Amino acid sequence: TLPGPPDVALTSALDRMVQQFAGAGPGEPVHSVLVTPSDATSRHVVGLGFIGGRPAPHIVAKIPRRPGDDTGILLEAELLPLLHRLAPSLADALPRLLGVERLGAHAALLISGLDGRPMSPSWVRQHPEQALQAGLTFVDALPTTGTTDPPWFAQPLNEPLRSLIEHGCAGSPGDLPGRL
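Basis of the calculations
Residues numbered from 1 in each chain as written. Predicted model: local features only at pLDDT ≥ 70, side-chain atom pairs only at ≥ 80, totals over all residues. Heavy atoms only, no water. Core = buried A, V, L, I, M, F, W, Y, C linked by side-chain atoms within 4.5 Å. Buried < 20%, exposed > 50% of the residue type's maximum accessible area, 1.4 Å probe, protein only. Helix = DSSP H or I, 4+ residues; strand = E, 2+ residues; numbered from the N terminus. Contact = heavy atoms within 4.5 Å. Pairing = 2+ DSSP bridges. Axes fitted to C-alpha atoms, helices over the stretch in contact; angles between N-to-C directions.

Draft legend 1. How the structure looks around the nonpolar core. With 14 residues, the main nonpolar core has Met 17, Ile 63, Leu 103, Ala 108 and Leu 110 as its most contacted residues. Secondary-structure elements contributing two or more residues to this core are helix 1 (6-21), strand 3 (59-64) and strand 5 (106-112). Considering every element that reaches this core, the biggest residue donor is helix 1, with 5 residues. What Ala 108 contacts, discounting residues up to four positions off in sequence, is Met 17, Lys 62, Ile 63, Ile 73, Gly 99, Val 100, Glu 101 and Leu 103. Residues Val 60, Ile 73, Ala 77 and Leu 80 belong to the second largest nonpolar core, which totals 7 residues.

Set out below in structure tokens:
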């Protein structure tokens, strides 16, 4: 386990990682924030590392809550570079893998922060067409396996898209990709 209070140990470790992986210059101020989801079923704590007074995080760390629960972040570390190679058009929409570091009994997945406008729930409600188009453009650019996915795989995407159609936010079903 991590020495001292977990939040202090994690933010100190994240500050060091920002210096090492995000290219903070000597003497440039670095600060970190931990985002701990209140949902007890959430598997990860997320750390955001900032350089100077810039508003966007330069580095994002995903740290499993339970020591040794590393399988998810290790798989993500394996797949991110592959996704970059298979979908180069998404390069600006995908984080870059910076590394995986050990923090005592925990592993931390380190990825680059992304620039851009966050799509908060209120923004999506105000701009449903733009939000839908951005999501569909992203999904359309993802590589496919050429196999048919089982129904449980598609349901988390299909049901919200169908709801948008039913509420008149997405045009007609013909406007959506054949994945529905």
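Draft legend 2. Geometry of the sheet that holds strand 2 (residues 44-51). Taken in spatial order, the 5 strands of this open sheet run 1-2-3-5-4, and their pairing is antiparallel. The sheet is open, and its two edges are formed by strand 1 (30-35) and strand 4 (97-103), each paired on a single side. The sheet shows a mean angle of 20° between the axes of neighbouring strands, direction not considered. Where strand 1 and strand 2 come together, 6 bridges link them in antiparallel fashion. From the neighbouring strand, Val 35 faces strand 2, where its bridge partner is Val 46. Taken strand by strand, helix 2 (residues 71-86) contacts strand 2, strand 3, strand 4 and strand 5, and its axis lies near 25° from that of strand 5.

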